[in-house]
Amino acid sequence: MPHLTSIQIRLSDLDSFGHVNNGAQCHLFDFARMNYFETVLKTKIDWTNFDLVLVNITLDFRQQIRLHDNMICQTEIYEMGSRSMKMRQHLVDANTEVIKSTCHSTLVAIDREKNCSKEVPENYKRLIAVGE
C-alpha cells in the first residue's frame, strides 16, 4: 500500500492555460517525497544533512491538473538496492482515482564527509519495509 500525501494546489502553480505547470508538479512530488521519508523514518529530517540524494527523476504528464482538483500523491519504494533505492509516485485525483502524473526517481545513500555513495542504512531499509 503506497504512502498518501494530500496535495494543496496553489494559484501560483498554474500556467497560462489554467492547469498545474509541469515544473510545479515536480515540486509537488518533492513535497510528497519529503513527507514520505519523515513519516516512514519517524523523524523530522534535517534536509541540509540528509544522507539520501536524488540522482535521477523521470516524469510522465498524463492528464491536466486544475486548480480545484482534489489531488493526492501516492509514494512507494519499489526497489531497494545496497546503495540506492527506486521510488514511484503518482499524482492521483482523489475523487476519480485517475492518475494524472507519474514520477520515477532513484535515490542514492551518500557519505557527506567522504562525498561518495555508501550502503543504505539498515534502519532505513527496515523502516521502509515496515512502512510499505
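Located above this text is the structure these notes cover.
Summarised in this report is the structure supplied together with it. (Residues numbered from 1 in each chain as written. Predicted model: local features only at pLDDT ≥ 70, side-chain atom pairs only at ≥ 80, totals over all residues. Heavy atoms only, no water.)

1. Details of the nonpolar core
Phase 1 of the analysis: In this structure, F37, L52, M85 and I128 are the most contacted members of the largest nonpolar core, which totals 16 residues.
Phase 2 of the analysis: Discounting residues that sit within four places of it in the chain, L52 has contacts with F37, M85, L107, V108, A109, I110 and Y124. (Core = buried A, V, L, I, M, F, W, Y, C linked by side-chain atoms within 4.5 Å. Buried < 20%, exposed > 50% of the residue type's maximum accessible area, 1.4 Å probe, protein only. Contact = heavy atoms within 4.5 Å.)

2. Some details on the environment of T102
Phase 1 of the analysis: On the secondary structure map, T102 appears in strand β5 (residues 99-111).
Phase 2 of the analysis: T102 gets classed as buried once you look at its relative accessible area, which sits at 1%.
Phase 3 of the analysis: Taking the C-alpha atoms as reference points, T102 and V92, separated by 10 residues in sequence, lie 8.9 Å from one another.
Phase 4 of the analysis: Side chain to side chain, T102 and H90 meet in a polar contact 3.2 Å long. (Helix = DSSP H or I, 4+ residues; strand = E, 2+ residues; numbered from the N terminus. Polar contact = N/O pair within 3.5 Å; in protein donor to acceptor, adjacent residues only side chain to side chain.)

3. Considering the packing of aromatic side chains
Phase 1 of the analysis: The full count for this structure, using the stated rule, is 4 aromatic pairs.
Phase 2 of the analysis: Summarising the aromatic geometry, the rings of F50 and Y124 are spaced 6.0 Å apart at their centres and angled 25 degrees between planes, so their arrangement reads as stacked. Of this pair, F50 sits in the loop between α1 (22-40) and β2 (52-61) while Y124 sits in helix α2 (residues 122-131), placing them 74 residues apart in sequence.
Phase 3 of the analysis: One residue, R88, lies across the ring of Y78, its end atom 4.3 Å from the ring centre. (Phe/Tyr/Trp six-rings, centres within 6.5 Å; stacked < 30°, edge-to-face > 60°. Lys NZ or Arg CZ within 6 Å of the ring centre and 35° of its normal.)

4. Some points on the state of the cysteines
Phase 1 of the analysis: If you walk through the whole model with that rule in mind, you get 0 disulfides.
Phase 2 of the analysis: Not part of a disulfide, C73 finds its nearest cysteine sulfur in C103, a span of 7.8 Å. (Disulfide = S-S within 2.5 Å.)

5. Details of the side chain of Q25
Phase 1 of the analysis: If you trace the backbone, Q25 turns up in helix α1.
Phase 2 of the analysis: The class of Q25 is buried, set by a relative accessible area of 2%.
Phase 3 of the analysis: At 3.3 Å, the side chain of Q25 forms a polar contact with the backbone oxygen of V20.
Phase 4 of the analysis: Residue contacts for Q25: discarding those within four places in its chain leaves V20, F61, I65, L91 and S101.

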